[in-house]
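Understanding the architecture of this molecule
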Amino acid sequence: MTRQADMFINGQSAAPSSGEYLDSENPADGSIVAKVARGTQQDVDKAARAAQAASEVWADISPFERGKLMEKLAVAIEQNLEPLAQLDSREMGNPIGLARLAIQGSADYFHYYGGLATSVLGDTIPITSDKLVYNRYEPYGVVGVITPWNGPLNQACRSCAPALAVGNSVVLKPSEYTSLSSLELAKLATEVGFPDGVFNVVTGLGNEVGAPLVEHPLVEKVAFTGSVATGQAIAEIAAKKVMPVTLELGGKSPNIVFEDANLEAAAPMVLFGFVANTGQICTSGTRVLVQRSIFDQFSAMIAEAANHFPIGLDKEFPTLGPMANRMQFEKVLGFFESAKQQGATCLAGGEQATGPGLDQGLYIKPTIYTDVTPDMRVVREEIFGPVGVLIPFDTEEEAIQIANDTEYGLSSGVWTQNASRAHRVAAKIKAGTVYINTYHDFSIEAPMGGYKKSGLGREKGVAALHDYLQLKNVTMQLI
Ligand code: NAD
């Protein structure tokens, strides 16, 4: 029988007021994984009220005790690592090896921010001896968190852990494609002792749950991860409410390979930079800039690696899973069509992957285009599939100019053995992250976020804590 998943509000499961459920489909074989509650504005209201009622209690628990609860939740996630990884893998189609890593990362967010809960101090500001002036850093109250489908539990924890650590309560709205692990997280939080209402999950569609969550008067801050278009819609509502938002949006990140790079090390990692998670990573290094003197050699190396990259969930990780949903699959095929029409040369892939074990799924071959021009859609737009373009350049200045010729600014890479050049280029690239001689080298301690249209604010690291706090100044005249 198909599993039916209800929402989680105020410490307990809650059926949707609509009485309706949405199908969650496994992209590897088209089977229905679960029927997921189709939440409504009414459900959002219930969750926001519960969160608001809980927020003062939660903010009043000492940071040390909050940190201990966060740590307990981290351990509970680890104890449930396998079932949580299975849920994410079945709903979004990522290889189980990758899903396990992502769930460990989810637990790590709670370890890390639990440990940092006591690190939020105040400041005293010396003015004159007859005044006491100090700053307090206070939680907002209710934080709305909205996540996409390409790293389900991991992205939820990336925003929820820092928000909770500093004393906010949370209403989480996961992607309608991948809700199950977030619902399990809410149950685990209650089991380990989080007070009812501190962590709530309302599932459903963007316009039926996401927008009402952003609009809700009790929600005082929103952390959103997803597309630019949705981020802009959220920012418009936030502007009317005068509410802060963290926006983690899309990218079209450059990965620059200089002629003095270690090409043997670079080729597989540059490929990994745009095929990892089937290219469904916001930080994917999809524009590969290669110095002209090594262009042919490097193109041949990376095309060879792409043509031999394993595809299918029956292979050992690292392997390529299917696209996470049909909409995304069709979108990538549309980009292949436009590349053909606009005259790009396909060096590898450029089509659906078929064959034993693949025919029922939404599989795409690792794809590389060359002979591209700056106006082509495959060069300018975020594809969110395993697709990279190779662009030649002659000088360091030209590489920087091409790298920055985008409306995005999320991530980037530089491959060179010249340390001065590496740091010179790192300083000139307009992006929130620069990797040197590595890529997708994620760590919780390193903050991430966007320049330009890639976003606002930062997630991860100590920096993120301050995006979930507001500052109050207190001035007292000593009389
Ligand atoms: P999306 O914007 O379509 O949806 C993201 C979430 O927003 C979903 O939960 C969706 O239901 C909800 N939503 C949709 N319309 C809404 C509305 N009007 N109001 C409020 N919520 C609404 O994005 P997606 O297709 O799920 O994810 C892919 C995008 O996410 C890509 O552009 C990718 O680059 C980006 N992304 C960014 C990061 C990052 O950290 N910067 C990480 C992962 C994904």
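Everything that follows concerns the structure shown earlier in this document.
Residues numbered from 1 in each chain as written. Predicted model: local features only at pLDDT ≥ 70, side-chain atom pairs only at ≥ 80, totals over all residues. Heavy atoms only, no water.

1. As for the overall build of the protein chain
Within the protein chain, the secondary structure is distributed over 15 helices and 21 strands. A compact globule built from 479 residues would reach a C-alpha radius of gyration of about 23 Å, and the protein chain, at 23 Å, matches this within 12%. Counting the 479 residues in the protein chain, one finds 56% classified as buried. For the protein chain, restricting intrachain contacts to residue pairs at least 6 apart in sequence, the fraction spanning at least 24 positions comes to 73%. A total accessible area of about 19,100 Å² is found for the protein chain, and carbon and sulfur atoms account for 52% of it. The averaged location of the 53 negative side-chain charges in the protein chain is 4 Å from the averaged location of its 37 positive side-chain charges. (Helix = DSSP H or I, 4+ residues; strand = E, 2+ residues; numbered from the N terminus. Rg over C-alpha atoms; globule rule 2.2 N^0.38 Å. Buried < 20%, exposed > 50% of the residue type's maximum accessible area, 1.4 Å probe, protein only. Contact = heavy atoms within 4.5 Å. Areas by Shrake-Rupley, 256 points an atom, 1.4 Å probe, with all protein chains shown as cover. Lys, Arg positive; Asp, Glu negative; His and termini not counted. Charge placed at Lys NZ, Arg CZ, Asp CG, Glu CD.)

2. Describing the pattern of salt bridges
Enumeration over the complete set of coordinates arrives at 21 salt bridges. Glu-351 is the partner of Lys-365 in a salt bridge, and the nearest nitrogen-oxygen pair spans 2.5 Å. Placement of Lys-365 in the loop between strand S15 (345–348) and strand S16 (367–370) and of Glu-351 in the loop between S15 and S16 is noted, with a sequence separation of 14 residues between them. Take Glu-351: its relative accessible area is 39%, and that puts it in the partly exposed class. A single salt-bridge network, built from bridges that share partners, covers Asp-260, Glu-396, Arg-421 and Arg-424. (Salt bridge = Lys/Arg side-chain N within 4 Å of Asp/Glu carboxyl O.)

3. Let's talk about the sheet that holds strand S21 (residues 469–477)
Think of a sheet as strands paired side by side through backbone hydrogen bonds, with each pair either parallel or antiparallel. Strand order in the open sheet made by the three strands is S6-S7-S21, with antiparallel pairing throughout. Strands at the two margins of the open sheet, each flanked by one partner only, are strand S6 (123–124) and S21. (Pairing = 2+ DSSP bridges.)

4. Remarks on the sheet that holds strand S5 (residues 32–37)
The strand order across the open sheet formed by three strands is S1-S5-S4, and the pairing between neighbours is mixed. Pairing within the sheet leaves two strands with one partner each, and these edge strands are strand S1 (3–5) and strand S4 (21–25). Within the sheet, the average angular offset between the axes of one strand and its neighbour, ignoring direction, is 30 degrees. Examined bridge by bridge, S4 and S5 share five bridges and lie antiparallel to one another. The residue bridging Leu-22 from the neighbouring strand is Val-36, located in S5. On the sheet, helix H3 (residues 81–92) packs against S1, S4 and S5 and is oriented at approximately 90 degrees with respect to S4. Against the sheet, helix H6 (residues 180–192) touches S1 and S5, its axis set at about 65 degrees to S1. (Axes fitted to C-alpha atoms, helices over the stretch in contact; angles between N-to-C directions.)

5. Some words on the site of the ligand
Lining the immediate surroundings of the ligand are 28 residues, of which Thr-147, Glu-176, Ser-227, Leu-249 and Glu-382 lie closest. Glu-248 is positioned with one of its backbone polar atoms (N or O) 3.4 Å from a nitrogen atom of the ligand. Relative to its unbound accessible area of 840 Å², the ligand is 87% covered by the protein chains. In terms of residues, the shell around the ligand owes the most to one element, helix H7 (residues 206–215), which gives three residues. (Near = heavy atom within 4 Å. Polar contact = N/O pair within 3.5 Å; in protein donor to acceptor, adjacent residues only side chain to side chain.)

Geometric values such as these leave the question of function open.
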